[in-house]
Amino acid sequence: MKKISVVSFLLIVCFIASGCGRGPVRPERDCPVTELLLNESDFPSKAVLNDVLSPLSEYPTESAAIDGSYHGDSVYHRIARWYYYSVAIEENDTWMEIAFDPQDSYSGIYETPPELSNLNSLPASQIHVACADEKDLGYLCRMVARYEEYQILFFSDISERGITHEMFQDLVLRINDKMVSCLNKSK
């Protein structure tokens with residue numbers, strides 16, 4: 001009887017130590033998520049950004065979002081740092097499906113315009129950038145990406161008077177630079 005109890009105890013400890021079967025945990029990093037968000041210095045001077053929200057409900061404690069506008073075009077940037085890589089992968093897969101769902105009758109067909117195709121090869125663990133003409137909303141571009149344990153969304157209206165494809169690309173590259181710099185930091 002004692003032998004079974006000891007084995008059971010060891011199995012429970014092993015299961016808990018491995019994250020309840022979730023796989024590897026994230027490393028220590030010195031990158032506050034709020035500092036990884038786009039900020040006023042990333043936009044032209046007439047951009048209006050709202051206050052950063054952090055943490056976000058239904059997301060880990062290390063999560064944040066910001067939204068704003070530039071000449072009437074809305075932007076939204078969200079980041080969540082998951083404890084387990086497996087959860088970050090699951091969340092990213094879910095958001096890929098939601099953001100680019102071809103079955104959504106409200107959405108147009110999301111495709112990557114040639115001028116943004118280079119963004120899909122950025123050094124993220126997973127990334128997809130595409131745009132569509134949304135019914136009643138206009139032309140939108142979206143980026144869904146995962147940089148190791150970080151899951152990122154960036155959505156923007158696109159127009160000639162506000163955020164252009166070129167500006168969207170620049171903002172995605174700024175997000176990428178912040179993420180790569182964070183991942184390259186050592187504690």
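Residues numbered from 1 in each chain as written. Predicted model: local features only at pLDDT ≥ 70, side-chain atom pairs only at ≥ 80, totals over all residues. Heavy atoms only, no water.

What follows is about the packing of aromatic side chains. Summed over the entire model, instances satisfying the criterion amount to five aromatic pairs. Consider the rings of Tyr76 and Phe155, whose centres lie 6.5 Å apart with planes at 55 degrees: the pair is tilted. Taken as a pair, Tyr76 in strand S3 (residues 73–81) and Phe155 in strand S6 (residues 150–157) lie far apart in primary sequence, 79 residues in all. Among the residues examined, Tyr76 registers a relative accessible area of 29% and is labelled partly exposed. Aromatic pair Tyr83 and Tyr84: ring centres 4.9 Å apart, planes at 90 degrees, arrangement edge-to-face. On the accessibility criterion, Tyr84 (18% relative accessible area) is buried. A cation sits over an aromatic face here: Arg142 above Phe155, 4.7 Å from the ring centre. (Phe/Tyr/Trp six-rings, centres within 6.5 Å; stacked < 30°, edge-to-face > 60°. Helix = DSSP H or I, 4+ residues; strand = E, 2+ residues; numbered from the N terminus. Buried < 20%, exposed > 50% of the residue type's maximum accessible area, 1.4 Å probe, protein only. Lys NZ or Arg CZ within 6 Å of the ring centre and 35° of its normal.)

Attention shifts here to the pairing of S3. Most of S3 is tucked away, with seven of its nine residues classed as buried. Looking at chain direction, strand S2 (residues 63–70) and S3 are connected through eight bridges and run antiparallel. Residue pairing in the sheet places Ala65 in a bridge with Arg78 of S3. Counting the residues that bridge the hairpin from S2 to S3 gives two residues, and of these His71 lies at a positive phi of roughly 50 degrees. Pairing analysis gives seven bridges linking S3 to S6, with the strands arranged antiparallel. Paired with Arg81 across the strands is Tyr150, a residue of S6. (Pairing = 2+ DSSP bridges.)

Moving on: unusual backbone geometry. Following Ser54, the chain continues into Pro55 via a peptide bond in cis, with omega recorded as -10 degrees. Mapped onto the elements of the fold, Pro55 is located in the loop between strand S1 (48–49) and S2. The residue Glu58 is not glycine, and still its phi comes out positive at about 70 degrees. At His71, a residue that is not glycine, the phi angle is positive and equals roughly 50 degrees. Here His71 shows up in the loop between S2 and S3.

Looking now at the pattern of salt bridges. Using the criterion set out here, one finds nine salt bridges in the structure. When the shortest N-O distance is used, the salt bridge between Arg29 and Glu148 registers 2.5 Å. With Arg29 in the loop between helix H1 (2–17) and helix H2 (33–36) and Glu148 in the loop between strand S5 (138–147) and S6, the pair connects residues that are 119 residues apart, well separated along the chain. On the accessibility criterion, Arg29 (12% relative accessible area) is buried. Measuring nitrogen to oxygen at the nearest pair gives 2.7 Å for the salt bridge that ties Arg29 to Glu149. Within this pair, whereas Arg29 is found in the loop between H1 and H2, its partner Glu149 is found in the loop between S5 and S6, the two being separated by 120 residues in sequence. For Glu149, a relative accessible area of 0% corresponds to the buried category. Connected through salt bridges with shared partners, the residues Arg26, Arg29, Glu62, Arg81, Glu148 and Glu149 form a single ionic network. (Salt bridge = Lys/Arg side-chain N within 4 Å of Asp/Glu carboxyl O.)

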